[in-house]
Structure formats: structure tokens, C-alpha cells
Amino acid sequence: MKMKNIAVIGSGTMGNGIAHTFAQNNFSVSLIDISEDALNKAISTITKNLDRQIAKEKITKEDKTNTLANITCFTNLADGVKNADLVVEAASENIDIKLKIFKDLDQLTSPNCMLASNTSSISITKIASVTQKPDKVIGMHFMNPVPIMKLVEVINGYATSSETSEKIMKLTVQLSKEPVLVNDYPGFVANRILMPMINEAIYSLYEGVAGVAEIDTVMKLGMAHPMGPLQLADFIGLDVCLSILEVLYKGFGNPKYAPCPLLVNMVTAQKLGVKTGEGFYNYQNNTKELIVAGNFKIN
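Residues numbered from 1 in each chain as written. Predicted model: local features only at pLDDT ≥ 70, side-chain atom pairs only at ≥ 80, totals over all residues. Heavy atoms only, no water.

S.K.: Explain a positive patch on the surface residue by residue, including any values.
M.R.: Where like charges cluster on the molecular surface, the positive patch consists of Lys48, Arg52, Lys56 and Lys58. Tracing the backbone shows Lys56 in the loop between α2 (36–55) and α3 (61–69). (Patch = residues over 30% accessible without salt bridge, like charges linked within 9 Å, V, L, I, M, F, W, Y side chains within 5 Å. Areas by Shrake-Rupley, 256 points an atom, 1.4 Å probe, with all protein chains shown as cover. Salt bridge = Lys/Arg side-chain N within 4 Å of Asp/Glu carboxyl O. Lys, Arg positive; Asp, Glu negative; His and termini not counted. Charge placed at Lys NZ, Arg CZ, Asp CG, Glu CD. Helix = DSSP H or I, 4+ residues; strand = E, 2+ residues; numbered from the N terminus.)

Structure below.
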């Protein structure tokens, strides 16, 4: 079966990026969200990102027109997925929300429709367990920003069939992405390695080893990272970082994954990074200013 119709659930940062990427590669995309305002915002974001690609001479104005024409928005899940060959769920990183969505998808999609989750840490096996077709459930963990980043972690659940894996790997290549096949264990590969590094950077700040700028500079200049771990945590969202660390800690029972108390406090205070305007840096008024470490009472 050739996949042509793709449904994307969730129109936030990841969802609109996934929709953009499929649409730009000539797939018919149904973008689904419960909020019409969120959908309008998503289309506005996709349009701005396409304009940036035009400015950089990556695409033409005709490409932009065709990409936007390939996207149809829905607030009703049943209408959005009824013709789908593949559904990619990109809702909030909350297991209860995801399980509810996949239970509904099991009833609303055709038997041959494959179901993918963009989860960054939640078990694909667990998600698949609420469906009657766990062999057709898989993880597609795109990286942010989706239209630019090449990597897609393709995660096999316990019951994911080899046929499903092969189709998703080939589909990912069609998107001009690099698929990497991994098995379903907490954090997969990307976040199992990345989050302990971010957590250790936060601990270094918490324990007064160095300041925010110093920690990020060491990793950028010493390890050739394009972005320091504290700035990256702000970009990901500190709530997401905490959620992933909690999945790792619970899944492995290893204290090395225990979230730093400073991270817990910042999330409690709703200092979540870029999306709230403040995290380790201040992003208000379209700036990125250093937050003085002492403000976090780390001493």
C-alpha cells in the first residue's frame, strides 16, 4: 500500500512542523486539533517558516503554495483520520492523553492504517496496548525544528511488525530524513543520552560549580555543541525535560536519572524556558538575556 494521506494530531510546535514536512513532500495532510485558534496559529507558523525557506532560496513561491494547499485542518478527530494511511500523534507528552487518543484511533481508522507517536519518551508498547492492532503501532520521534532536523528515531514497540518498521523507515527517507531504528526502552536513544547530560548541567549550576553562561560556553567551545545544554533545555521546555527524566528514573530505577531539585523548582514556578519567556535565560521582548543564577537560590 502506498501511503499518501497523513493525519497529524496536535498543531503545536512539533505537530505543525511534522505537517509542514509531509505537505512539502507532496503528501495530503490532515492537521487535527481541538482548538481552531491553535490550527490558525499553526498555519501562520508554517507560512512564516515557508517564507524563511524562500528567503534562503531553499524553495520557490510555487512550492509554498503547493505545501499550504496540501494541508487541511480539522477540529473533529473522526473527520480528520477517516482516510488516513498513517496517523502521527504529536499531542502533549502526557501518557493519559496519548492512551485516550490511541484508543479512539483504534476505532476510527481503517484496519490497515498505521499509528505512530511522536513521543520523546513514553513507551510505544504501552501506547500500542490500548489498540487492537499493536503490530501497526510505532514511534516516529522527530527532532525540533522538524523541517530542518534530519534525524527521526523510529521506535519499535514489542509487537510492532517488521512490515510496519520497513514501511516507516522508507517513508522517513521520502521526507529527506535519516531514520534510525531503535527498540522501546525508556528514553529510546536520543533522550536516554541527552537528558542525563542536561540534568548534570543543571546540577553543576545548582551546586555552584559554574554559572549558566560558563556551563553553556564550555559545552559549545569545548565539545563543539551548537547550543549549550541549559539553553537547549530552555528550547525543549523544562517541563518536557522533567517529564522525560521522570520516565527514565521510573523505568530504570537508577538514581543517576533523578531530576535535579533546581529543575523541579523551576517547573513548579512555571519557568519553563522559551515558551514561557523565562528559564535559564530571559526570552521576553524577542531577546535572550542571562538570568543571574542567584535568582534561583542555588546557594
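What follows continues from the structure just given.
S.K.: Lay out the side chain of Asn156 in plain terms, naming residues and giving numbers.
M.R.: Tracing the backbone through its elements, the reader meets Asn156 in strand β7 (residues 151–156). Under the relative-accessibility criterion, Asn156 is labelled buried at 13%. Residues in contact with Asn156, not counting those within four places in the same chain, are Ile138, Ser165, Leu181, Val182, Asn183 and Asp184. (Buried < 20%, exposed > 50% of the residue type's maximum accessible area, 1.4 Å probe, protein only. Contact = heavy atoms within 4.5 Å.)

S.K.: Talk me through helix α9 (residues 212–223); I want residue IDs and the actual numbers.
M.R.: With twelve residues, α9 ought to run about 16 Å at 1.5 Å a step, and its terminal C-alpha atoms sit 16 Å apart, in line with that. Among the residues of α9, Val212, Ile215, Asp216 and Met219 are the ones counted as buried. Seen end-on, α9 carries its buried residues on one side only, within an arc spanning 95°. Exposed positions of α9 whose direction lies more than 90 degrees from the buried face are Leu221 and Gly222. In this structure, the buried residues of α9 make contact with α8 (190–206), α10 (229–236), β9 (281–282) and β10 (289–290). Ala224 lies just past α9 and shows a positive phi near 60°. (Expected span 1.5 Å × (residues − 1). Arc of directions from axis to C-beta.)

S.K.: Talk me through the sheet that holds strand β5 (residues 114–117); I want residue IDs and the actual numbers.
M.R.: Here we have eight strands laid out as an open sheet, ordered β3-β2-β1-β4-β5-β6-β7-β8, and mixed in their pairing. Here the strands that pair on one side only, and so sit at the sheet edges, are β3 (71–74) and β8 (178–183). Strand after strand, the sheet turns through a mean of 25° between neighbouring axes, direction not considered. Pairing between strand β4 (residues 86–89) and β5: four bridges, direction parallel. If you follow Glu89 over to β5, its bridge partner there is Ser117. Most of the contacts of helix α1 (residues 13–24) go to strand β2 (residues 28–32), to which it runs at about 165°, and overall it touches β1 (5–9), β2, β3, β4 and β6 (137–142). (Pairing = 2+ DSSP bridges. Axes fitted to C-alpha atoms, helices over the stretch in contact; angles between N-to-C directions.)

S.K.: How would you summarise the environment of Pro229 if you had to cite specific residues and measurements?
M.R.: Looking at the secondary structure, you find Pro229 in helix α10. With 31 residues separating them along the chain, Pro229 and Ile198 place their C-alpha atoms 5.3 Å apart. Apart from residues lying up to four places away in sequence, Pro229 is in contact with Met197, Ile198, Ala201, Ile215, Asp216 and Met219.

S.K.: Which residues make up the pairing of β4, and what values go with them?
M.R.: Of the two faces of β4, the one lined by Leu86 and Val88 and the one lined by Val87 and Glu89 are each fully buried. In this sheet, β4 lies alongside β1 in parallel orientation, the contact comprising four bridges. The residue of β4 that forms the bridge with Val8 is Val88. Following the backbone out of β4, through helix α5 (residues 95–108) and into the adjacent parallel β5, one traces a crossover that is right-handed. (Right-handed = clockwise from strand over helix to strand, strands pointing away.)

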